[in-house]
Amino acid sequence: MTTPLKARGVTVSLDGRPVLRGVDLDVAAGEFVALLGANGSGKSTLVRAAIGLVPMSAGSVELFGTPLAHFKDRTRLGYVPQRSRAVAGVPATVQEVVMSGRLSHRRFFGRRSRADTVAVAAAIERVGLAGRTRSSLSDLSGGQQQRVLIARALASEAELLVMDEPTAGVDHDNQESLAELLGGLVHDGASVLLVAHELGPLRPLIDRAVVVRDGSIAYHGPVDDLIGEDHAHVHTHDAIPSLPVGLTGEGVWR
Amino acid sequence: MIQLLDYDFMRRALMAAVFTGLAAPAIGTFLVQRRLALLGDGLGHVALTGVALGLVTGVAPILTAVVVAVLGAVLIELLRMYGRTSGDVALAMLFYGGIAGGILLANLADERATSLNGYLFGSITTVSDSDLRLVAILAVVVIALAIGLSPQLFAVCQDEEHARVSGVPVRAYSILIAVLAAVTITVAMRTVGLLLVSALMIVPVAASQQLTRSFRTTHLAAMVIGLLAALGGVVTSYEINTQPGPTIVMIALAVFGLAALVAAAARRVRAHRRTAEIS
């Protein structure tokens, strides 16, 4: 089985300022990797570069063994952006948004097929929103909107889920149901790369934590070696001394 | 009403209203979804330069307007994608350049500014047979693409980054949306005029989404509202002797007001019912 994500020497500059400096990142098949770090550490930029949303100035990314630029098998990749981006200027139902996750299966002018309808219904069912299929997205709670975005990624039958802060602004109960959902998906063979500020109920699911600081990897290894929830107090096993958040080069002022 | 159909110019006016009323909200829905509601306004300004170019060179203004507006639309999208200056400032400058350029060109060609009036505010009753033919062709293209490609355009306007990751050619579709908006503006130019064209793209959508939950219903209901406002506006303007463009826009705004009232009432009833259930 090919490695879902293999990034080497990823270097990104935004407006001439280095944000990532030669970062390596792997996600193995069936692995649950959490990317942690303070605001402005570069963790979000790293996932965005890995899926082609931010151009790299150096380095390489392979998705399922294919270089990013040639990666056409888009159905295998499921991107779950931050929930704040879910609602657009015109109403849309849960079904419509999840259906847009099937586009990578379709031809240019292609109509929806029976398989599309079945996959969408299954994805909505999986995230526990079967009763809300025809609800408008803006009538749902934050946690429910987050689940709609996950369903959209599931509808494409993605093998690698890339999630940007799925727990942000979601209450504890909904975080727990999210953890349950993700646990089930990993159990069924999906790989997950998740950016998070705090882990909360997701903690037991995580195979490997990667801490980004100042555009470099400050730590990677089991999540147990991280003290508490706070990513600022990481046991660093290398020579880099831990700096309090905010005193680092980037901090929150990015 | 029947006698109104006795006049050739009124029959043409009503036909033009049908095409405009359907096409404008068909593409306008995607602009609203993308939160680019003012793009239509800006493109209308740019199209004015195209009209003036037509008046100066003696080419049909509707043709030059469509070319200039399409070029403007592509330029705007490229600025949005690659521009390093702030996007809205770049857009604003393009828009002002469009309207100033249009009037200057017309002046230089000794065209009185009044000859532009018909394009700024619409003059639906002077639509000729060849105008109508062009309007019909362009409108049908816009409506067919806006409906036929609606799954793709929906995905791009709902969440551009997700669409990109899913392998949807977002740049091509973004340019297509801007170009369709530009074409629609030239379609609607003779009906409601360049200054009010954006109203017919946006107001019916704003009205329909007061009452809808799904994108599809919003899209189709907006087209129906656009059609009714355009036809109603032409007939009313004939009856009460007003300019058709502003009359069409006022009717659309009235529909919006009504829809907003109905939506507010429905919300209140629902909230009331909920409190009744709890107590």
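About the criteria used
- Residues numbered from 1 in each chain as written.
- Chains lettered and ligands numbered in written order.
- Predicted model: local features only at pLDDT ≥ 70, side-chain atom pairs only at ≥ 80, totals over all residues.
- Heavy atoms only, no water.
- Helix = DSSP H or I, 4+ residues; strand = E, 2+ residues; numbered from the N terminus.
- Rg over C-alpha atoms; globule rule 2.2 N^0.38 Å.
- Buried < 20%, exposed > 50% of the residue type's maximum accessible area, 1.4 Å probe, protein only.
- Contact = heavy atoms within 4.5 Å.
- Areas by Shrake-Rupley, 256 points an atom, 1.4 Å probe, with all protein chains shown as cover.
- Lys, Arg positive; Asp, Glu negative; His and termini not counted.
- Charge placed at Lys NZ, Arg CZ, Asp CG, Glu CD.
- Domains from an automatic or database assignment.
- Buried area = accessible area lost by both parts, 1.4 Å probe.
- Salt bridge = Lys/Arg side-chain N within 4 Å of Asp/Glu carboxyl O.
- Polar contact = N/O pair within 3.5 Å; in protein donor to acceptor, adjacent residues only side chain to side chain.
- Nonpolar A, V, L, I, M, F, W, Y, C, P; charged D, E, K, R; others polar.
- Pairing = 2+ DSSP bridges.
- Axes fitted to C-alpha atoms, helices over the stretch in contact; angles between N-to-C directions.
- Phe/Tyr/Trp six-rings, centres within 6.5 Å; stacked < 30°, edge-to-face > 60°.
- Core = buried A, V, L, I, M, F, W, Y, C linked by side-chain atoms within 4.5 Å.
- Expected span 1.5 Å × (residues − 1).

**Student:** Got a sec to walk through the overall build of chain B? Specific residues and values, please.
**Tutor:** On a plain count of helices and strands, chain B comes out with 12 helices and zero strands. In chain B, the succession of α and β elements from N to C terminus is α-α-α-α-α-α-α-α-α-α-α-α. In terms of C-alpha radius of gyration, chain B reaches 20 Å, essentially the compact-globule figure of 19 Å for 279 residues. Taken along the three principal axes of its C-alpha coordinates, chain B extends 75 × 55 × 30 Å. A total of 279 residues make up chain B; the buried ones form 52% of that total. Counted over contacts in chain B with a minimum sequence separation of 6, partners at least 24 positions apart contribute 77%. When the accessible surface of chain B is split by element, carbon and sulfur atoms take 67% of a total near 12,300 Å². Looking at charge distribution, chain B has the averaged site of its 18 positive side-chain charges lying 11 Å from that of its 14 negative ones.

**Student:** So what's going on with the domain arrangement of chain A? Residues and values would help.
**Tutor:** All names here are of chain A. Domain annotation for chain A reports domain 1 (1-64 + 160-254) and domain 2 (87-158). Taken together, the contacts link 13 residues of domain 1 with 10 residues of domain 2. The contact between domain 1 and domain 2 buries some 930 Å² in all, and 66% of this surface belongs to carbon and sulfur atoms. Among the residues domain 1 hides against domain 2, the three largest losses belong to Leu-161, Asn-174 and Leu-181. Together they make up 42% of the total. Notably, a salt bridge pairs Arg-126 with Asp-188, separated by 2.9 Å at the nearest N-O pair. If you look at where domain 1 meets domain 2, you find two residue pairs in polar contact (both at pLDDT 80 or more). Those elements that provide at least two residues to the side of domain 1 that touches domain 2 are strand E7 (160-164) and helix H5 (172-187). For the side of domain 1 that touches domain 2, the leading source of residues is H5, giving six residues. Classifying every residue of the side of domain 1 that touches domain 2 gives eight nonpolar, three polar and two charged.

**Student:** How would you explain the sheet that holds strand E3 (residues 32-36) of chain A if you had to name every residue and give the values?
**Tutor:** All names here are of chain A. Within the open sheet, the six strands sit side by side as E6-E7-E8-E3-E9-E10. Their pairing is mixed. Strand pairing shows two members of the sheet lacking a second neighbour, strand E6 (77-80) and strand E10 (216-221), which therefore form its edges. Between one strand axis and the next, the sheet turns by 15° as a mean value, whatever way the strands run. As judged from the four bridges shared by E6 and E7, these two strands associate in the parallel manner. Bridge pairing in E7 links Leu-77 to Leu-160. Across the sheet, helix H1 (residues 43-50) lies against E3, E6, E7, strand E8 (191-196) and strand E9 (208-213), angled at about 145° from E8, the strand it touches most.

**Student:** Would you mind going over the sheet that holds strand E4 (residues 58-63) of chain A in detail, with residue names and values included?
**Tutor:** Residue and element names in this part refer to chain A. Strand order in the open sheet formed by four strands is E2-E1-E4-E5, with antiparallel pairing between adjacent strands. Edge strands, defined here as strands with exactly one partner in the open sheet, are strand E2 (17-27) and strand E5 (66-67). Of the strand pairs in this sheet, E4 and E5 are connected by two bridges, and their pairing is antiparallel. Opposite Glu-62, over in E5, you have Pro-67 as the bridge partner.

**Student:** Summarise the packing of aromatic side chains; cite the residues concerned and give the values.
**Tutor:** All names here are of chain B. Throughout the structure, instances matching the rule amount to five aromatic pairs over all chains. Their ring planes at 35° and their centres at 5.5 Å tell us that Tyr-7 and Phe-9 sit as a pair that is tilted. According to the relative accessible area criterion, Phe-9 is partly exposed, its value standing at 31%. Considering the side-chain rings of Phe-30 and Phe-215, the 5.5 Å spacing of their centres and the 45° angle between planes classify their relative orientation as tilted. Separated by 185 residues along the polypeptide, Phe-30 in helix H1 (residues 8-33) and Phe-215 in helix H11 (residues 215-240) bring together distant segments of the chain.

**Student:** Give a detailed account of the pattern of salt bridges, specifying residues and quantitative values.
**Tutor:** Inspection of every chain in the model, using the stated rule, returns 14 salt bridges over all chains. A salt bridge links Arg12(B) to Asp129(B); its shortest N-O distance comes to 3.8 Å. Here Arg12(B) is found in helix H1, whereas its partner Asp129(B) is found in helix H6 (residues 129-148), with 117 residues between them in sequence. Counted as one network, the salt bridges with shared partners bring together Asp73(A), Arg76(A) and Glu159(A).

**Student:** Which residues make up the nonpolar core, and what are the values?
**Tutor:** All names here are of chain A. Membership of the largest hydrophobic core comes to 128 residues, with the highest contact counts inside it found for Val-98 and Leu-194. For this core, the domains that each give at least three residues are domain 1 (1-64 + 160-254) and domain 2 (87-158). Those residues in contact with Leu-194 that sit more than four places away from it in its chain are Phe-32, Val-33, Ala-34, Leu-35, Met-163, Pro-166, Leu-182 and Leu-202. Judged by nonpolar contacts, the second largest core, of 31 residues, contains Val-33, Leu-46, Leu-77 and Leu-193.

**Student:** Quick one: what's the story with the interface of chain B and chain A, residue by residue and with numbers?
**Tutor:** Each partner contributes to the interface: chain B provides 32 residues, whereas chain A provides 34 residues. Connecting chain B to chain A are two salt bridges. Arg152(A) is paired through a salt bridge with Asp159(B); the nearest N and O atoms lie 2.9 Å apart. Across the chain B-chain A interface, the total number found is 11 residue pairs in polar contact (both at pLDDT 80 or more). Contributions of two or more residues to the side of chain B that touches chain A are made by H1, H6, helix H7 (150-158), helix H8 (160-165) and H11 of chain B. Here the side of chain B that touches chain A gets six residues from one element, more than from any other, and that element is H7(B).

**Student:** Account for H1(B), with residues named and values stated.
**Tutor:** All names here are of chain B. In a regular helix each residue adds 1.5 Å, so 26 residues correspond to 38 Å; H1 covers 38 Å between its end C-alpha atoms and thus fits that length. For H1, the buried fraction is high: 20 of the 26 residues fall into the buried class. Arg-35 sits one or two residues past H1 and shows a positive phi near 60°.

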